[in-house]
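Observations on chain architecture
Chain residues, written in single-letter form:
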Amino acid sequence: QVQLGESGGGLVQAGGSLRLSCAASGRTFTVNFSDYAMGWFRQAPGKEREFVAAINWSGSSAFYADSVKGRAMISRDNAKNIVRLQMNALKPEDTAVYYCAADRGGPDIYRTSPGRYEFDYWGQGTQVTVTS
């Protein structure tokens, strides 16, 4: 089974930046990190989990929600089994628990926003709080 662990969340002022990290682990016969597209979702209290960003297996294709375009950058390091989300110019509305997710296979090229039900594994989340 794939296991995902997020880190890097915290409390920041509006306009600040954070870099979230997600480390994947598992048994060799079960886990091949490059077999999975990776994504970030977020969920604010009382709201549904929403898509933030996704990246294909090689890192050559990515897709971003309109709400974070120009402010977010997703990247991955397959040698280290890590996916990251760099968030800049943070706004109070970015406040949420951010979740890392893995999609077995996934698209070769992202052309549309993926839904949360496309992802097979999820981390426990890391809290991001942005003050005004």
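Check the entry above for the structure.
In what follows, the accompanying structure is described. Since this is a predicted model, take the numbers as computed values, not measurements. Throughout this description, residue numbers start from 1 for each chain and increase along the sequence as written. pLDDT decides what is reported in this predicted model: residues at 70 or higher carry local features, side-chain atom pairs at 80 or more are listed and counted, and totals for whole chains, interfaces and linings draw on all residues regardless. Only hydrogens and water are set aside; all other atoms, that is, all heavy atoms of the structure, feed into the side-chain values.

Next up on the list: the pattern of salt bridges. When a carboxyl oxygen of Asp or Glu is within 4 Å of a side-chain nitrogen of Lys or Arg, the pair counts as a salt bridge. This model, assessed by the stated rule, comprises five salt bridges. With a shortest N-O distance of 3.8 Å, Arg 116 and Glu 48 are connected by a salt bridge. Of this pair, Arg 116 sits in the loop between strand E9 (96-104) and strand E10 (121-122) while Glu 48 is found in the loop between strand E4 (36-43) and strand E5 (50-55), placing the two residues 68 residues apart along the sequence. Only protein chains enter the accessibility calculation, which uses a 1.4 Å probe; a residue is then buried when its area is under 20% of its type maximum, exposed when over 50%, and partly exposed in between. Overall, the relative accessible area of 26% leaves Arg 116 in the partly exposed class. Between Asp 66 and Lys 69 there is a salt bridge, and its shortest N-O distance comes to 3.1 Å. Helix and strand definitions follow DSSP, with helices as H or I runs of at least four residues and strands as E runs of at least two, each counted in order from the N terminus.

This part takes up unusual backbone geometry. With a phi close to 55°, Asn 81 is a non-glycine residue in the positive phi region. For Asn 81, the location among the structural elements is in the loop between strand E7 (72-77) and strand E8 (82-87). Residue Asn 81 is classed as partly exposed on the basis of its relative accessible area of 23%. The backbone phi angle of Ala 89 is positive, close to 45°, even though this residue is not glycine. Here Ala 89 is to be found in the loop between E8 and E9.

Any two strands are treated as partners once DSSP identifies two or more bridges connecting them. Spatially, E1-E3-E8-E7 is the arrangement adopted by the four strands of the open sheet, whose pairing is antiparallel. The open sheet terminates on both sides in strands that have one partner only, identified here as strand E1 (3-7) and E7. Each neighbouring strand pair of the sheet contributes to a mean axis angle of 15°, computed without reference to strand direction. Taken together, the six bridges between strand E3 (residues 18-25) and E8 define a ladder with antiparallel strand orientation. Looking across to E8, one finds that Ala 23 is bridged to Ile 82. Think of each axis as a best-fit line through the C-alpha atoms, taken over the contacting stretch in the case of a helix, with angles from 0 to 180 degrees between the N-to-C directions.

Turning next to the packing of aromatic side chains. Here the aromatic set is Phe, Tyr and Trp, taking the six-membered ring for Trp, and pairing holds for ring centres within 6.5 Å; pairs whose planes are under 30 degrees apart are stacked, those over 60 apart are edge-to-face, and all others are tilted. Evaluated as defined, the whole model comprises six aromatic pairs. Ring plane angle 75° and centroid distance 5.6 Å describe the contact between Phe 41 and Phe 51, whose orientation is recorded as edge-to-face. You can see Phe 41 sitting in strand E4 and its partner Phe 51 sitting in strand E5, a full ten residues away along the chain. The two residues Phe 41 and Phe 51 agree in class, both being buried. Each residue in the set Phe 41, Phe 51, Phe 63, Phe 119 and Trp 122 is aromatic and connected to the rest through ring pairs, giving one cluster. Only Lys NZ and Arg CZ are tested; either one counts as a charge over a ring when it is within 6 Å of the ring centre and within 35 degrees of the ring normal. Over the aromatic face of Tyr 99 sits the side chain of Arg 49, whose NZ or CZ is 3.6 Å from the ring centroid. Note that Lys 69 overlies the ring of Phe 63, its terminal NZ or CZ placed 5.8 Å from the centroid.

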